[in-house]
Amino acid sequence: MDAKMTEPLPLLIESSIEIAWDYLERTGELGDAMVAGRFLSDTIELMVRRGERRRLMLANKAIAAYQQFRRQQSEHPVLASA
């Protein structure tokens, strides 16, 4: 069995977030670091709870979800109250 397939879930989650983060940062799509970190973490953790264990699949799906989230945010910005 491949050693990568048996890595502890926290390490799987961490490495998947890192892959997604690095990609979004390199492409200039990261935006607010706090928002991005929370979104990627929540998205990847949910997929892991649903059984996904492939690191690149986790990262790629999280990237796509975050890109969609950012598009929706730019289409419907939330106005901050003063």
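Going by the structure above, here's the rest.
Residues numbered from 1 in each chain as written. Predicted model: local features only at pLDDT ≥ 70, side-chain atom pairs only at ≥ 80, totals over all residues. Heavy atoms only, no water.

S.K.: For this particular structure, what's the right way to read the packing of helix H1 (residues 9-26) against helix H3 (residues 55-75)?
M.R.: As a packed pair, H1 and H3 sit with axes 8 Å apart at the nearest point and diverge in direction by 45 degrees. Our classification of the angle between H1 and H3 gives oblique. In the crossing of H1 with H3, the sense of the turn from one axis to the other is right-handed. The segment H1 lies against H3, with Leu 12, Ser 15, Ser 16, Ile 19, Ala 20, Tyr 23 and Leu 24 engaging Arg 55, Leu 56, Leu 58, Ala 59, Ile 63, Tyr 66 and Gln 67. Partitioning the contact of H1 with H3 into residue classes produces 10 nonpolar, three polar and one charged. (Axes fitted to C-alpha atoms, helices over the stretch in contact; angles between N-to-C directions. Helix = DSSP H or I, 4+ residues; strand = E, 2+ residues; numbered from the N terminus. Parallel < 35°, antiparallel > 145°, perpendicular 65-115°, else oblique. Left-handed = near helix turned anticlockwise from the far one by under 90°. Contact = heavy atoms within 4.5 Å. Nonpolar A, V, L, I, M, F, W, Y, C, P; charged D, E, K, R; others polar.)

S.K.: Sorry if this is basic, but what is going on with the packing of aromatic side chains here?
M.R.: Any pair of aromatic rings gets described here by the distance separating the centres and the angle formed by the planes. Enumeration according to the criterion identifies three aromatic pairs in this entry. Summarising the aromatic geometry, the rings of Phe 39 and Phe 69 are spaced 4.8 Å apart at their centres and angled 25 degrees between planes, so their arrangement reads as stacked. Of this pair, Phe 39 sits in helix H2 (residues 33-49) while Phe 69 sits in helix H3, and the two are 30 residues apart along the sequence. The exposure class of Phe 39 is buried, given its relative accessible area of 19%. Here Phe 69 falls in the partly exposed class, since its relative accessible area comes to 23%. Ring pairs connect the aromatic residues Phe 39, Tyr 66 and Phe 69, which therefore count as one cluster. (Phe/Tyr/Trp six-rings, centres within 6.5 Å; stacked < 30°, edge-to-face > 60°. Buried < 20%, exposed > 50% of the residue type's maximum accessible area, 1.4 Å probe, protein only.)

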